Amino acid sequence: MEQLRLEPINLVNGSVTLPGSKSLSNRILLLAALAKGTTVVENLLDSDDIRHMLGALKLLGVQVSLNDDKTVATVKGVGGQFLTPAEPLFLGNAGTAYRPLTAVLAAVKGDYELVGEPRMEERPIGHLVDALQALGGDVRYLKNKDYPPLKIVGGQINGGNVEIDGSISSQFLTALLMAAPLFNGDTCIIIKGTLVSKPYIDITLDVMARFGISVTHDNYKTFTVKGAQQYQAVGRIMVEGDASSASYFVAAAAIAGGEIEIKGVGAKSVQGDIGFAKVMEQVGAKIDWYDERLVVRKGQLKGVDIDANAIPDAAMTLATVALFADGPTAIRNIYNWRVKETDRLHAMATELRKVGAEVVEGEDFIEITPPKHFNDVAIDTYDDHRIAMCFAMVAVGGKPITINDPKCTYKTFPTFFNVLASVSR
Ligand SMILES: O=C(O)C1=C[C@@H](OP(=O)(O)O)[C@@H](O)[C@H](O)C1
Ligand SMILES: C=C(OP(=O)(O)O)C(=O)O
């Protein structure tokens, strides 16, 4: 197995231009494909999750041309007329490809099989399939009930009232919202249970609006979408920088001496993970806010006790910032860490303990007391890009660390370690 040795970094300095947001890239590609007309997508993320969406769209008969560095895509929308693919759509472990495609393909004519990596077969999708089946969609499990892979016979869905459980993943509601304009009639979606990861719904509504579809909702409890609508191509659309990827550089500047300018997200971001920078201000970071960039400097870091339900991805970065805070940090209301790339609650607890922290792993929370002494260890990454990236903060804090399988960052940020090296002094 490949390993990456990170020597202590005491100072960070310079400017980072973020790659495009994963959440925005995959939503925009799918809606551009469904739309009538051509859309040019700028600052597209080039990573595994996006490659899986692009691969699926190609098999569905959508023409997408990419520039040399794969950050500009010209998408010829097919107006909702996909081809039946000659082979199963392989979607890796990309939730932002698998879930929205499931709902959309249930609503357009054709036969589809959606498959993924072994971990994808352990990530639940029952709440979405229940809702699609309740609407009359023909979606079947090919292996285990409630889990991928799926067989879908797409066709007309009439719409109507439908409940969806929002307690495990917001991506199920995102998927249903994106598909609902394709249904014959109007749809009223009623949220059952508490909706997790709520800010991702704002991203979905924002992207749908850019493609001409408005959704009304009553404080995220019920959502109403008109049926028989067509997404409209937007000409050119620019993908914001990835706010989750920004979290590593916000943290790095807060931990080490120096200053980092982070270009691509700021006060105007539509991504909820920008909230991580607000949390870091509570922790002690010094941040200057601009519309589309941040400038971050070190502060005296203290432990915090936060509800991180709205920022599940960036909250992993807080767990390694906690190693350098005065006093313990508690990160709460993060049960769904357990159903992502790996069981992240268990994996983070295990690896933080290896470094020397005292850790309490609750069913839906984690408490971290900083180490008295740091161990120079190799971090297992469980095929989870965010574990690899957030444990780089140990080196930023001046302690050597080894990252096993560093290429798992390719899921969302293939150049992460190079970008980190470019600001490390
Ligand atoms: O909709 C999205 O783009 C995402 C939603 C979140 O998932 P959950 O809603 O499953 O928490 C997040 O963790 C994921 O990385 C991206
Ligand atoms: C949970 C994540 O990914 P996915 O979109 O596959 O859910 C993530 O990127 O942290």
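Definitions and cut-offs
Residues numbered from 1 in each chain as written. Chains lettered and ligands numbered in written order. Predicted model: local features only at pLDDT ≥ 70, side-chain atom pairs only at ≥ 80, totals over all residues. Heavy atoms only, no water. Helix = DSSP H or I, 4+ residues; strand = E, 2+ residues; numbered from the N terminus. Rg over C-alpha atoms; globule rule 2.2 N^0.38 Å. Buried < 20%, exposed > 50% of the residue type's maximum accessible area, 1.4 Å probe, protein only. Contact = heavy atoms within 4.5 Å. Areas by Shrake-Rupley, 256 points an atom, 1.4 Å probe, with all protein chains shown as cover. Lys, Arg positive; Asp, Glu negative; His and termini not counted. Charge placed at Lys NZ, Arg CZ, Asp CG, Glu CD. Axes fitted to C-alpha atoms, helices over the stretch in contact; angles between N-to-C directions. Parallel < 35°, antiparallel > 145°, perpendicular 65-115°, else oblique. Left-handed = near helix turned anticlockwise from the far one by under 90°. Nonpolar A, V, L, I, M, F, W, Y, C, P; charged D, E, K, R; others polar. Salt bridge = Lys/Arg side-chain N within 4 Å of Asp/Glu carboxyl O. Near = heavy atom within 4 Å. Polar contact = N/O pair within 3.5 Å; in protein donor to acceptor, adjacent residues only side chain to side chain. Domains from an automatic or database assignment. Pairing = 2+ DSSP bridges.

### Thoughts on the overall build of the protein
Of the regular secondary structure elements, the protein holds twelve helices and 23 strands. Its C-alpha radius of gyration of 21 Å places the protein within 12% of the 22 Å reference for a compact globule of 425 residues. Counting only C-alpha atoms, the protein reaches 60 × 45 × 40 Å along its principal axes. Looking at the protein as a whole, 58% of its 425 residues are labelled buried. Put simply, 74% of the contacts in the protein that link residues at least 6 apart link residues at least 24 apart. Counting every atom, the protein has about 15700 Å² of accessible surface; 48% of that belongs to carbon and sulfur. The protein carries 42 positive and 49 negative side-chain charges, and their two centres are separated by 3 Å.

### Remarks on unusual backbone geometry
Pro149 follows Pro148 through a cis peptide bond whose omega is 0°. Its location among the elements puts Pro149 in the loop between β8 (138–141) and β9 (150–154). Although it is not a glycine, Lys70 sits at a positive phi angle of roughly 60°. Relative to the assigned elements, Lys70 resides in the loop between β4 (63–66) and β5 (72–78). Its identity is not glycine, yet Asp405 carries a phi of approximately 50°, on the positive side. Along the chain, Asp405 falls in the loop between β23 (401–404) and α12 (416–423).

### Some details on the packing of helix α7 (residues 243–255) against helix α8 (residues 275–283)
When two helices pack together, you describe them by how their axes are tilted relative to each other and by the distance separating the axes. Across the interface, α7 lies against α8 with an axial gap of 10 Å and an inter-helix angle of 15°. Taken together, the axes of α7 and α8 lie roughly parallel to each other. The element α7 and its partner α8 pack so that their crossing is right-handed. Of the residues in α8, those in contact with Ser247, Val250, Ala251 and Ala254 of α7 are Phe276, Ala277 and Met280. When its residues are assigned to classes, the contact of α7 with α8 shows six nonpolar, one polar and no charged.

### Section: the pattern of salt bridges
Applying the stated criterion across every chain yields a total of 26 salt bridges. Residues Arg297 and Asp288 are paired through a salt bridge, measuring 3.2 Å at the closest nitrogen-oxygen approach. When its relative accessible area of 27% is taken as the criterion, Arg297 is described as partly exposed. A salt bridge links Arg344 to Asp313; the shortest N-O distance between them is 3.8 Å. With a gap of 31 residues between them, Arg344 in helix α10 (residues 344–355) and Asp313 in the loop between β18 (305–307) and α9 (315–321) connect regions that are remote in the sequence. One exposure class covers both Arg344 and Asp313, and it is buried.

### A look at the site of ligand 1
Taken together, Lys22, Ser23, Arg27, Thr96, Ser169, Ser170, Gln171, Ser197, Tyr200, Asp313, Asn336 and Lys340 make up the full set of residues adjacent to ligand 1. The side chain of Ser169 places a nitrogen or oxygen atom 2.6 Å from an oxygen atom of ligand 1. Between ligand 1 and Asn336, the relevant distance is 2.9 Å, taken from an oxygen atom to a side-chain nitrogen or oxygen of the residue. In isolation ligand 1 offers 390 Å² of accessible surface; the protein chains occlude 95% of this area. The element best represented in the shell around ligand 1 is helix α1 (residues 22–34), accounting for three residues. Residues of the shell around ligand 1, tallied by class, amount to one nonpolar, seven polar and four charged. When residues of the shell around ligand 1 are assigned to domains, at least three fall in each of domain 1 (3–19 + 241–423) and domain 2 (22–223).

### Side note on the packing of helix α4 (residues 126–134) against helix α5 (residues 171–179)
The contact between α4 and α5 brings their axes to 8 Å, and the two run at 30°. The orientation of α4 relative to α5 falls into the category roughly parallel. For the pair α4 and α5, the sense of crossing is right-handed. Contact residues: His127, Leu128, Ala131 and Leu132 in α4; Phe172, Ala175 and Leu176 in α5. The residue inventory of the contact of α4 with α5, partitioned by class, reads six nonpolar, one polar and no charged.

### Considerations on the site of ligand 2
Around ligand 2, a shell composed of 14 residues is seen, among which Lys22, Gly95, Arg123, Arg386 and Lys411 lie nearest. One of the backbone nitrogen or oxygen atoms of Asn93 is found 3.1 Å away from an oxygen atom of ligand 2. Coverage of ligand 2 by the protein amounts to 98% of the 300 Å² it exposes when considered alone. Each of domain 1 (3–19 + 241–423) and domain 2 (22–223) gives at least three residues to the shell around ligand 2.

### Looking at the pairing of β4
Along any regular strand the residues' side chains alternate between the sheet's two faces. When β4 meets β5, the two strands line up antiparallel, connected through four bridges. Across the sheet, Ser65 pairs through a bridge with Thr74, a residue of β5.

### Here we look at the sheet that holds strand β2 (residues 11–17)
Pairing is mixed in the open sheet, where four strands are placed in the order β2-β15-β17-β16. The sheet is open, and its two borders are formed by β2 and β16 (286–289), each paired with just one other strand. Each neighbouring strand pair of the sheet contributes to a mean axis angle of 10°, computed without reference to strand direction. In terms of strand pairing, β16 meets strand β17 (residues 293–297) through four bridges, oriented antiparallel.

Fair warning: the whole summary comes from geometry, so function is off the table for now.
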